[in-house]
Amino acid sequence: EGLIMRSGPTVGGTDSNCYWNEVHISTINTKRTFWLRNASGGGNSGANSNYIYPLQVNLGANANYVGYIESQCSENNIHDLSGNGVVGTPGIALYINGQHNRVYESRTEACTVGLKLGPGGTGCMFFGVDFLTFDFSDGVYPAYLMGADPSAQPICRPDQIYQTNSQIPGLNNVITHMLFG
């Protein structure tokens, strides 16, 4: 593993915190570059409101994820994520199961899946990203996915998806899809 962030248990009725950290990380040959975990020992607060810069990531042969964000971990900001060649099992560059996380200026290539949103990954926003491949099989879509040509990836807004190259299986091309309402 690379960086693991995890808050501790609830002590005296108060949750431990893992908030407001700024981390610049570069890894070589790790299973995950960063892993934001749920609280330990029955705590109720995960790693929240952190700024993570996974720079110059060399994934190596053991890579399964670049980033993995669990369900209690929200409001994190991921900048400049680069995932290349994540083809192990499950081969997901970025897995998000926590709500309201944000990803900026990031890209993946040659990955089995560039981005997977788990069932708890609601309200996540992506700006200036190029993930190329997606897994929204849990029925959760980004709140915003902006900054790319729709031929490279779909553009998502709170109520619409626009795509031109069948990036999201099951949705037609060049048709606006109403997600809500």
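Visitor: What am I meant to see in the side chain of His79 here?
Guide: The residue His79 is located in strand E8 (residues 77-79) in this model. Among residues more than four places away in sequence, those in contact with His79 are Tyr51, Ile52, Tyr53, Pro54, Tyr104 and Ser106.

Visitor: I'm lost on the packing of aromatic side chains in this one. Help?
Guide: Here a ring pair, both rings aromatic, is described through the centre-centre distance and the interplanar angle of the planes. Evaluation of the coordinates by the stated rule reveals six aromatic pairs. Judged by centre distance (5.4 Å) and plane angle (35 degrees), the rings of Phe134 and Phe136 are tilted. The exposure classification of Phe134 matches that of Phe136, with both residues buried. Taken together, the aromatic side chains of Trp35, Tyr68 and Tyr95 make up a single cluster linked through ring pairs. Taking NZ or CZ as reference, Arg32 lies 3.8 Å from the ring centre of Trp35, over its face. The ring of Tyr68 has Arg32 lying over it, and the distance from NZ or CZ to the ring centre is 5.0 Å.

Visitor: Looking at this structure, how should I read the pattern of salt bridges?
Guide: Close approach of charged atoms lets side chains of opposite charge pair. Across all of its chains, the model carries three salt bridges by this definition. The residue Arg102 makes a salt bridge to Glu75 at a minimum N-O spacing of 2.9 Å. Here the residue Arg102 occupies a position in strand E11 (residues 102-104), and Glu75 occupies one in the loop between strand E7 (67-69) and E8, the gap between them amounting to 27 residues. On the basis of relative accessible area, Glu75 is assigned to the partly exposed category, the value being 31%. Each of Lys116, Asp135 and Asp138 takes part in a single network of salt bridges with overlapping partners.

Visitor: What is the right way to read the sheet that holds strand E4 (residues 34-36) from this model?
Guide: What holds strands together in a sheet is hydrogen bonding between their backbones, with the strands either parallel or antiparallel. Strand order in the open sheet made by the six strands is E1-E4-E7-E10-E13-E15, with parallel pairing throughout. The open sheet is flanked by strand E1 (3-5) and strand E15 (134-135), the only strands paired with a single partner. Pairing of E7 with strand E10 (residues 92-96) involves three bridges; the strand directions are parallel. In the sheet register, Gly67 faces E10, and the bridge partner there is Leu94.

Visitor: Looking at this model, I keep getting lost on the state of the cysteines. Mind explaining?
Guide: One way to say it: the disulfide is the covalent bond shared by the sulfur atoms of two cysteines. Applying the stated criterion to the full structure yields zero disulfides. Cys18 forms no disulfide, and the closest cysteine sulfur to it belongs to Cys73, at a distance of 8.0 Å.

Visitor: Sorry if this is basic, but what is going on with unusual backbone geometry here?
Guide: With the exception of glycine, most residues fall at negative phi, and the peptide bonds are largely trans. Its identity is not glycine, yet Ser49 carries a phi of approximately 55 degrees, on the positive side. Given a relative accessible area of 15%, Ser49 falls into the buried group. One non-glycine residue, Glu75, adopts positive backbone phi at about 60 degrees.

Visitor: Any chance you could explain the environment of Ile78 here in plain terms?
Guide: Position of Ile78 among the secondary structure elements: in strand E8. Assessed through its relative accessible area of 0%, Ile78 is described here as buried. Put simply, Ile78 and Pro54 are 24 residues apart on the chain and 7.9 Å apart in space, counted from C-alpha to C-alpha. Beyond its immediate chain neighbours, meaning those up to four positions away, Ile78 contacts Phe34, Ile52, Pro54, Ile69, Arg102, Val103, Tyr104 and Ser106.

Calculation rules
Residues numbered from 1 in each chain as written. Predicted model: local features only at pLDDT ≥ 70, side-chain atom pairs only at ≥ 80, totals over all residues. Heavy atoms only, no water. Helix = DSSP H or I, 4+ residues; strand = E, 2+ residues; numbered from the N terminus. Contact = heavy atoms within 4.5 Å. Phe/Tyr/Trp six-rings, centres within 6.5 Å; stacked < 30°, edge-to-face > 60°. Buried < 20%, exposed > 50% of the residue type's maximum accessible area, 1.4 Å probe, protein only. Lys NZ or Arg CZ within 6 Å of the ring centre and 35° of its normal. Salt bridge = Lys/Arg side-chain N within 4 Å of Asp/Glu carboxyl O. Pairing = 2+ DSSP bridges. Disulfide = S-S within 2.5 Å.

Taken by themselves, the reported measurements are silent on function.
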